[in-house]
Amino acid sequence: MTIHAAPPVRLTPTDWRSSKMTSRIARRYAAERRFRLLGLGAVALATGFLAFLLIHMMSNGISGLNWTFLSQSDATDPAQVGIWGAFKGSLLTMVVTLVLSFPVGVLAALYLEEYAPRNRWTDLIEVSINNLAAVPSIIFGLLGLAIFLNTFHLPRSAPLVGGLTLALMTMPVIVIAGRNAIKAVPPSIRDAALGVGASPVQVVFHHVLPLALPGILTGTIIGMARALGETAPLLMIGMRAFIATPPGGVTDPATVLPVQIFLWSDEVSQGFVEKTSAAIIVLLAFLLAMNGLAIYLRNKFEKRW
Amino acid sequence: MFLMIAVMAFAAWLIGRSRARGFSSTSLRPTALPSHYATFLALCTAGPAALFAAIWPFLSDTLVSRAIMGLPVAQKLPSAAIDRGAILSEARGLADGTVEAAFNPLSYELAEPIAELSRQYALIGTGLLVALAAIGFSIGFLKLKPAFRARQRVEAVVMLCLMLASLVALATTFGIVASLIFEAGRFFSMVPATEFLFGTHWAPTGEVIAGQDNGFGAVPLFWGTIFIGAIIAMIVAVPLGVMVAIYLTQYAPSAVRAWLKPALEMLAGVPTVVYGYFAALTLGPVIREWALWLGMENPTSESALTAGLVMGVMIIPLISSMADDSIAAVPQSMRDGSLAMGATTSETIKRVLIPAALPGVVGGVLLAVSRAIGETMIVVMAAGLAANLTLNPLSSVTTVTTQIVQLLTGDQEFDSAKTLAAFALGLVLFIVTLLLNIFALRIVKKYREAYD
């Protein structure tokens with residue numbers, strides 16, 4: 001068997017100035033530009049939609065914003081309706097949510113991040129928190145209906161039940177944000193505190209928690225903003241009643257801003273279009289303020305260790 | 001009651017602290033800080049009292065109703081349990097002042113003794129509360145000595161609280177699963193599971209006749225959910241989301257990125273009811289005109305396309321942030337290698353970055369699908385109620401979440417098959433989203449490990 005030598009490869013330097021090559025490069029650069037434009041187009045489409053949505057709501061609703069609208073409650077006549085009742089309901093619901101979910105969320109985050117032994121129970125808790133954060137909100141509404149209303153017989157349509165339901169929904173968000181904030185505190189702080197004789201509980205409550213608090217607060221505000229805009233679980237527990245007087249306490253029947261928007265959007269009367277948009281403006285203003293506060297906190301207190 | 005406990009606890013704290021401060025004058029060196037002793041004393045005072053205050057309302061309710069049954073007035077009550085309960089609750093409302101006027105004249109007669117009894121038991125409860133607090137306080141106070149290790153006791157209580165807090169999440173998960181399975185089980189005892197899962201006729205009624213088609217076939221609902229959430233919305237959101245992520249990470253100057261990222265976060269933060277309103281009132285009519293122009297007869301403004309498009313826009317930030325993360329996780333050396341071979345940026349992205357980041361992107365898309373099929377308000381407001389099995393995006397379809405809202409906001413007889421069907425739908429939704437999430441997280445995790 002004879003081995004044939006491979007024919008020698010003729011290497012000629014590429015002639016970049018040839019028309020074939022220049023057109024090829026031009027084609028590739030054109031593809032590059034097209035791709036870049038496509039990306040820009042996608043961004044423009046997404047932000048353009050947001051801008052259109054905001055401007056559309058503004059132009060529809062700005063004329064409906066007046067003192068009557070801000071100080072009155074729901075009514076059958078669109079000229080007389082107001083947002084105050086729903087706003088107060090939202091406020092009470094949010095207070096219940098915050099009071100329940102913030103301490104529980106922070107304590108759970110501290111436990112899981114600082115003390116929890118690595119065992120099956122801890123894994124189970126972690127898995128359930130991560131899954132709860134992704135469970136559709138309407139499922140929490142079903143839970144509230146089955147447990148709080150039908151088992152414990154708490155009052156229907158009340159901010160108390162709404163707040164309880166939303167607290168269960170918000171807590172995993174706070175736990176996850178809290179754990180990340182606690183993780184970001186460098187171990188040297190803990191070692192130093194332990195070194196001068198602090199007990200594990202003192203280390204956490206005197207040093208780790210204060211340092212992690214800005215991060216936890218940011219996560220809490222974002223979670224609360226999400227809870228404020230939530231509608232579906234509150235429909236499940238009956239916070240969709242016609243409420244003509246603002247609620248006086250957490251057990252009175254009430255409705256909340258997003259549900260009020262939903263209820264008005266179903267009205268046939270033309271006057272409600274303006275009022276719905278005005279309510280949306282109020283809701284978005286609050287959400288924007290909350291998110292802005294969260295971003296401000298994050299930028300101001302974010303520490304690079 | 002709880003205010004009273006707080007005041008007593010604070011008083012105990014102050015007493016404990018002043019007592020512990022006195023320790024420093026003795027020769028023995030105290031084993032804990034004064035605040036530890038103080039907190040221990042406060043816990044001793046408030047702990048048992050708070051526990052009592054939590055169970056007392058239930059206990060006193062039972063005691064009051066038992067006492068009423070022993071009264072001579074109660075002999076007049078009808079023997080049927082339902083009527084009796086109605087009158088009693090009415091009378092109780094009168095006694096509290098929450099009910100202005102009662103239907104049944106007997107309620108007025110009962111209201112007075114009930115109010116009297118409630119007052120008595122409230123007094124008894126308060127007395128017991130104070131007694132418990134006093135006992136706790138004295139036991140705790142006797143233990144306060146310099147050698148007493150108050151810090152360890154207090155910290156044990158703190159650890160217990162931490163553990164209980166972390167168990168709340170577990171309890172919630174358990175509560176969801178238990179309530180869904182329990183109510184769905186009651187539903188499946190009325191309607192066979194095969195009819196529910198494989199039937200194609202959805203027109204639920206309150207009455208269920210065994211062995212007959214009762215209109216509980218949920219296949220059109222499942223199809224509508226998949227059609228809107230997993231097909232139309234993803235056709236909108238996946239290309240846009242991935243392109244947004246590519247543009248933001250690869251092309252945009254950092255000043256532009258600093259503005260665009262919060263804008264995208266805002267897009268994710270807009271409440272879904274606002275999207276739903278926009279879809280129903282602004283986009284819906286436009287799509288309807290369009291369908292008319294295409295030659296469709298009787299087009300509806302509540303179409304699958306309307307809901308799917310808006311939902312797609314809502315999902316864009318989620319997909320773009322997931323894609324962003326996975327592109328950022330591709331090692332820089334791979335990008336540098338490709339660029340060094342002479343590839344343009346777009347060629348690097350298309351041939352190197354996207355294939356390398358693909359598992360992460362797929363994981364993100366699965367998470368987005370799970371978000372989309374659980375989304376409620378957009379479909380409630382924009383997708384309609386007609387349970388159609390159709391491929392036409394311009395016709396109206398209904399989804400699982402829409403029907404849950406529909407079934408539970410109408411009549412409120414809790415035991416009818418209609419309301420229980422909502423829990424069966426919820427169970428299906430929960431299981432599907434759970435599986436999608438677990439699967440997606442596993443893909444993302446595996447992919448992260450590949451490059452770490």
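Keep in mind that this is a model prediction, so the values were computed, not measured.

Our focus in this paragraph is the overall build of chain A. The helix and strand tally for chain A stands at eleven helices and zero strands. Its helices and strands in sequence order give chain A the pattern α-α-α-α-α-α-α-α-α-α-α, from N to C terminus. Its C-alpha atoms give chain A a radius of gyration of 28 Å, clearly above 19 Å, the size a compact globule of 305 residues would have. Each principal axis of the C-alpha atoms in chain A carries an extent, and together these give about 100 × 65 × 45 Å.

When its secondary structure is counted, chain B shows 15 helices and zero strands. Relative to its length of 452 residues, chain B is extended, with a C-alpha radius of gyration of 32 Å against a globular reference of 22 Å. The principal-axis extent of the C-alpha atoms belonging to chain B is close to 80 × 75 × 40 Å. The buried share of chain B, taken over its 452 residues, is 42%. Here the contacts in chain B between residues at least 6 apart in sequence split such that 72% fall between residues at least 24 apart.

With that out of the way, let us pick up the packing of helix α5 (residues 137-149) of chain A against helix α6 (residues 159-183) of chain A. Residue and element names in this part refer to chain A. One way to put it is that α5 packs onto α6 with a least axis distance of 9 Å and a crossing angle of 130°. Considering the angle they form, α5 stands oblique to α6. In this structure, α5 meets α6 at a crossing whose hand is right-handed. Contacts between α5 and α6 involve S137, F140, G141, G144, F148 and L149 from the former and V161, L164, T165, L168 and M169 from the latter.

Residues and elements named next belong to chain B. By size, the foremost hydrophobic cluster in this structure holds 186 residues, and its most contacted members are V310 and I319. For this core, the leading source of residues is helix α7 (residues 219-251), giving 18 residues. Setting aside its immediate chain neighbours within four residues, I319 contacts A237, V238, G241, V242, G364, V365 and A368.

Below, the discussion takes up the packing of helix α14 (residues 400-409) of chain B against helix α15 (residues 417-451) of chain B. Residue and element names in this part refer to chain B. α15 packs onto α14 with a crossing angle of 155° between their chain directions and a minimal axis gap of 8 Å. Overall, the two elements α14 and α15 adopt an arrangement that is roughly antiparallel. Read as a crossing pair, α14 and α15 show a hand that is left-handed. Taken together, the residues of α15 that come into contact with α14 (itself represented by V400, Q403, I404, L407 and L408) are K418, T419, A421, A422, L425, G426, V428 and L429. Taken together, the residues of the contact of α14 with α15 break down into nine nonpolar, three polar and one charged.

In this section: the confidence of the model for chain B. Mean pLDDT over chain B stands at 82; residues scoring 70 or higher make up 90%. Interface confidence for the predicted complex, given as ipTM, is 0.87, next to a pTM of 0.85.

Moving on, we come to helix α1 (residues 19-61) of chain A. End to end, α1 of chain A covers 60 Å across 43 residues, agreeing with the expected 63 Å (1.5 Å per residue, within 8%). The elements touched by buried residues of α1 of chain A are α11 (271-301) of chain A together with α7, α8 (254-269), α9 (272-293), α10 (304-328) and α12 (345-374) of chain B.

Next up on the list: the environment of V175 of chain A. Relative to the helices and strands, V175 of chain A is located in helix α6. Counting along the chain gives 42 residues from V175 of chain A to A133 of chain A, while the straight-line C-alpha distance between them is 9.6 Å. What V175 of chain A contacts, discounting residues up to four positions off in sequence, is G105, A108, A109 and I129 of chain A together with A169 of chain B.

Attention shifts here to the confidence of the model for chain A. Per-residue confidence for chain A averages 86 on the pLDDT scale, and 98% of its residues sit at or above 70. Summarising per-element confidence for chain A, the mean pLDDT is lowest in helix α2 (residues 67-71) of chain A (78) and highest in α6 of chain A (92).

A few words now on unusual backbone geometry. Phi at S157 of chain A is positive, roughly 60°, even though this residue is not glycine. With respect to the helices, strands and loops of the structure, S157 of chain A is situated in the loop between α5 and α6.

Time to look at the environment of G127 of chain B. All names here are of chain B. Along the chain, G127 turns up in helix α4 (residues 105-143). C-beta crowding within 10 Å serves as the criterion here: with 10 such atoms nearby, G127 is assigned to the exposed category. For the pair G127 and K143, spaced 16 residues apart in the sequence, the C-alpha separation amounts to 25 Å.

All right, on to the environment of G249 of chain A then. All names here are of chain A. Locating G249 in the fold gives a position in the loop between α9 (232-236) and α10 (257-265). We classify G249 as exposed; it has 10 C-beta atoms within 10 Å. A sequence separation of 136 residues divides G249 from E113, and the C-alpha atoms of the two residues are 37 Å apart.

Reading the values: rules and limits
- Residues numbered from 1 in each chain as written.
- Chains lettered and ligands numbered in written order.
- Predicted model: local features only at pLDDT ≥ 70, side-chain atom pairs only at ≥ 80, totals over all residues.
- Helix = DSSP H or I, 4+ residues; strand = E, 2+ residues; numbered from the N terminus.
- Rg over C-alpha atoms; globule rule 2.2 N^0.38 Å.
- Buried ≥ 20, exposed ≤ 12 C-beta atoms within 10 Å, placed from the backbone.
- Contact = placed C-beta atoms within 7 Å.
- Axes fitted to C-alpha atoms, helices over the stretch in contact; angles between N-to-C directions.
- Parallel < 35°, antiparallel > 145°, perpendicular 65-115°, else oblique.
- Left-handed = near helix turned anticlockwise from the far one by under 90°.
- Core = buried A, V, L, I, M, F, W, Y, C linked by C-beta atoms within 7 Å.
- Nonpolar A, V, L, I, M, F, W, Y, C, P; charged D, E, K, R; others polar.
- pLDDT = per-residue confidence, 0-100.
- Expected span 1.5 Å × (residues − 1).

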